[in-house]
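Listed here are the chains, written in short residue letters.
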Amino acid sequence: MDEAPRAGFARIFRGPAFTPVSPTEVAVLDDHLFCVDPAGTVARVLAADDPEAVELLAHHRAAGTLTEAAPGQYFLPGFVDLHVHAPQWPQLGRALDRPLGDWLMNYTFPLEARYADPVFARQVYTQLVENLLRQGTTTAMYFATVHTQASVVLAEICADRGQRALVGKVTMDDRSSNPDFYWDADTASALDGVVEFIERVHGLGSGGLVLPVVTPRFIPSCTDRALAGLGEIAARYGVHVQSHCSESDWEHQCAFDRYGRSDAESLDGFGLLTGRSVMAHCVHLSDRDAELFARSGTAIAHCPVSNAFFADAVLPLRRRLDEGLEIGLGTDISGGFAPSVRTALREALVQSRTLDHGADPGRPAPERGTHDGHIVLEEAFWLATAGGGEALSLPIGRLAQGYAWDAQLVDTTAAGGLPLFDVRDSRDVLDAILLVSGAEHIAGVWVAGRRVIGD
Ligand SMILES: Nc1nc2[nH]cnc2c(=O)[nH]1
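Sequence order sets the numbering: in each chain, residues are counted from 1 along the sequence as written. Local features in a predicted model are, by the rule used here, given only for residues with pLDDT of at least 70; side-chain atom pairs are given and counted only at 80 or more, and totals for whole chains, interfaces and linings are based on all residues.

J.: Please explain the overall build of the protein chain as it appears in this structure.
T.: Here a helix means four or more residues in a row that DSSP labels H or I, a strand means two or more in a row labelled E, and each is numbered from the N terminus. Per the secondary structure count, the protein chain includes 17 helices and 17 strands. Computed over its C-alpha atoms, the radius of gyration of the protein chain comes to 22 Å, within 12% of the 23 Å expected for a compact globule of 455 residues. With the principal axes as the frame, the protein chain shows a C-alpha extent of 70 × 60 × 40 Å. Residues classed as buried in the protein chain amount to 54% of the 455 residues present. Looking at the protein chain alone, contacts between residues at least 24 apart form 73% of all its contacts between residues at least 6 apart. Two things to know: the radius of gyration comes from C-alpha atoms, and the globule rule equals 2.2 Å times the number of residues to the power 0.38. Exposure criterion: with C-beta atoms placed from backbone coordinates, a residue whose C-beta has 20 or more other C-beta atoms within 10 Å is buried, one with 12 or fewer is exposed, and one in between is partly exposed. Residue pairs qualify as contacts under a 7 Å threshold applied to their C-beta atoms, which are placed from the backbone.

Written as structure tokens, this is what we have:
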């Protein structure tokens, strides 16, 4: 008997699955086998009625390395959250009625200053990572704080708990714009701290599960020397970059006041827009800025819940997608009140339709909206999964050969069951999973083939 192909698979997952294959197309795989290699990558996908499946199933059932979906359960890719402020977890949902600058100065910075204490950091970050995994978030891109030690603690927790993570120690070195209780002591030590952080994360031995990110908070919080230094560090280490860009009228204007050009053009001038850059919000990008994003391969972390509070406008998502920009979703904890990418997906749909159709019933219908189109459910699913993967240039967000087995098992019968009566086709099931289900319907979560939720 030929043992070679079977021996190459560490585990097999069997069940029906939904996976994006393009921004507008979802594959419905009725009863399939996903064969995962020891590195946690999907090495083979085949239908359960394929002649080879019989032997594979028998072998892995006997070996105890077969995971089968029960009736009513479906595999989906895990969610990718492109924008999380980990230290803001304790203020989730708080003070969102304040303008962005006030919210930062009076709520957020005092809270973030507390992460000088790594013990506090460990308590908060442990709860956060656990919660996000339970939401089905298999990958998160995190801002930590200015503190090197606490930022390493976050990276360690992600590595230990098995969440794929991109973690940034935040840079805020401009003495004139940051509060005296929360900022980098000086530019040189800020940059040294970033280098130390990158090397310590590389030294964690997470096998690439946790990656360091160069993280200027945003232009208003950094000096030119720091921004240039961070661009140079990002190039030297080949690491990801994250920041905020053109989030609100106020932030968008800051770059014009300081440099006479846009946030995007200024970040680019410092070498911070690269194929591995993810910029949060980007609501106020000009079409020229969007071209710059497309040219440089910079991605947008679309954070619709938070944008409703702080952005002063709605991201023209349809337009930016049509321009070919890489876009994924972010919860923006805690500018957004919901820790779930599922909620971001729903809010992205709602805002896109509202922008298109209009908001003010006092205006005649033709003048109410932009009328340049809205996204559909398939695209929202893409943004929450494969779009995030492409934004990060990582093989995640699809249940397909060559992609990591970062997956969630949704149980439509859990917690009293989803209202799936008179189901006509699998699209009805996908609608309910994406628009109605909650964390209580997640029966299992895997990252790189390792089970991290469920038993
Ligand atoms: N939403 C949001 N915007 C920011 N701009 C700079 N810092 C922040 C932050 O923490 N949250």
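J.: So what exactly am I meant to see when it comes to the packing of helix H6 (residues 187-202) against helix H7 (residues 224-237) here?
T.: Axes are the key here: two packed helices are described by the angle between their axes and the distance separating the axes. Note on method: axes are straight lines fitted to C-alpha atoms, helices fitted across the in-contact stretch only, with angles between N-to-C directions ranging 0 to 180 degrees. Interhelical geometry of H6 versus H7 gives an angle of 20 degrees and a closest axis separation of 10 Å. The angle between H6 and H7 places the two elements in the roughly parallel class. As H6 runs across H7, the sense of the crossing is right-handed. In this structure, H6 uses Thr187, Ala190, Leu191, Val194, Val195 and Ile198 to contact H7, whose residues at the interface are Arg225, Ala226, Gly229, Leu230, Ile233 and Tyr237. Classes in brief: Ala, Val, Leu, Ile, Met, Phe, Trp, Tyr, Cys and Pro nonpolar; Asp, Glu, Lys and Arg charged; the others, Gly included, polar. A breakdown of the residues in the contact of H6 with H7 according to their chemical character gives 9 nonpolar, 2 polar and 1 charged. Every angle not falling under 35 degrees, over 145, or within 65 to 115 is termed oblique; those three ranges are roughly parallel, roughly antiparallel and roughly perpendicular. Handedness of each helix crossing follows the sense of rotation of the near helix against the far helix: counterclockwise by less than a right angle gives left-handed, clockwise gives right-handed.

J.: Looking at this structure, I do not really get the nonpolar core. What am I missing?
T.: Nonpolar side chains in soluble globular proteins generally cluster together in the buried interior. The biggest cluster of nonpolar side chains holds 138 residues, and the ones touching the most others in it are Phe34, Tyr142, Leu154, Val167 and Leu345. Start and end positions for the domains come from either an automated domain assignment or a database one. Both of domain 1 (4-77 + 398-453) and domain 2 (79-391) provide at least three residues apiece to this core. To define a nonpolar core, we join buried Ala, Val, Leu, Ile, Met, Phe, Trp, Tyr and Cys residues through C-beta atoms within 7 Å and take the resulting set.

J.: Hey, could you run me through helix H15 (residues 377-384) in this one?
T.: In terms of burial, H15 is a largely internal element, 6 of the 8 residues being buried. Turning to H15, its buried residues are Glu379, Ala380, Phe381, Trp382, Leu383 and Ala384.

J.: Sorry if this is basic, but what is going on with the UniProt feature "domain: Amidohydrolase-related" (unreviewed entry) in the protein chain here?
T.: Within this structure's numbering, the places UniProt gives as "domain: Amidohydrolase-related" (unreviewed entry) are residues 76-452. A helix fraction of 43% and a strand fraction of 17% characterise residues 76-452, whose end C-alpha atoms lie 15 Å from each other. UniProt positions are given in the numbering used here, feature names are shortened, and annotations may be inferred rather than shown by experiment.

J.: Is there a simple way to think about the environment of tyrosine 107 in this case?
T.: Mapping tyrosine 107 onto the fold places it in helix H3 (residues 100-113). Note: C-alpha distance between tyrosine 107 and aspartate 180 (73 residues apart in sequence) is 15 Å.

J.: I'm lost on unusual backbone geometry in this one. Help?
T.: Excluding glycine, residues mostly have negative phi values, and the peptide bonds linking residues are mostly trans. The omega torsion of the bond from isoleucine 333 to serine 334 falls at 0 degrees, within 30 degrees of zero and hence cis. Note on placement: serine 334 falls in the loop between strand E14 (326-329) and helix H13 (341-357). The phi angle at aspartate 312 is positive, at roughly 70 degrees, despite the residue not being glycine. Considering the arrangement of structural elements, one finds aspartate 312 in the loop between helix H11 (304-310) and helix H12 (317-322). Even without a glycine there, the phi angle at alanine 448 is positive, about 50 degrees.

J.: How should the environment of phenylalanine 18 be read in this particular structure?
T.: For phenylalanine 18, the position within the fold is in strand E1 (residues 11-22). The residues touching phenylalanine 18, leaving out its near neighbours within four places in the chain, are Val26, Val28, Tyr74, Leu76 and Leu430.

J.: Just to check I follow, could you spell out the domain arrangement of the protein chain for this structure?
T.: One widely used convention gives an interface's size as the accessible area the parts lose upon coming together. Taken domain by domain, the protein chain consists of domain 1 (4-77 + 398-453) and domain 2 (79-391). Each of domain 1 and domain 2 has a C-alpha centre, and these two points are 30 Å apart. Contacts between the two partners involve 20 residues from domain 1, matched on the other side by 23 residues from domain 2. For the side of domain 1 that touches domain 2, the secondary-structure elements that each account for two or more residues are strand E2 (25-36), helix H17 (426-435), strand E16 (442-447) and strand E17 (450-453). Split by residue class, the side of domain 1 that touches domain 2 holds 13 nonpolar, 2 polar and 5 charged.

J.: How do you make sense of the pairing of E2 when you look at a structure like this?
T.: Put simply, side chains in a regular strand alternate between the two faces of the sheet. Here, any two strands with at least 2 DSSP bridges between them count as paired. Bridge count for E1 against E2 is 10 bridges, and the pairing is antiparallel. The residue of E2 that forms the bridge with arginine 11 is valine 36. Direction of pairing for E2 relative to strand E3 (residues 42-47): antiparallel, over a ladder of 5 bridges. Looking across to E3, one finds that cysteine 35 is bridged to arginine 44.

J.: Help me understand the site of the ligand in this model?
T.: Taken together, the residues surrounding the ligand are His85, Leu100, Leu104, Thr108, Arg217, Phe218, His244, Glu247, Ser306, Phe310, Asp332 and Gly335. At the level of elements, H3 and H11 are the ones that each hand at least two residues to the shell around the ligand. At 3 residues, H3 tops the list of elements feeding residues into the shell around the ligand. Taken together, the residues of the shell around the ligand break down into 4 nonpolar, 5 polar and 3 charged. Nearness here has a simple definition: the residue's C-beta atom, placed using the backbone, must lie within 6 Å of the molecule or strand.

J.: Mind showing me how you'd approach the packing of helix H5 (residues 148-161) against H6 here?
T.: For the pair H5 and H6, interaxial distance at closest approach is 10 Å and the crossing angle is 25 degrees. The angle between H5 and H6 falls in the class roughly parallel. Considering only the axes of H5 and H6, their crossing is right-handed. Between H5 and H6, the residues in contact are Thr148, Ser151, Val152 and Ala155 and Gly193, Glu196, Phe197, Arg200 and Val201, respectively. Its residues placed into classes, the contact of H5 with H6 shows 4 nonpolar, 3 polar and 2 charged.

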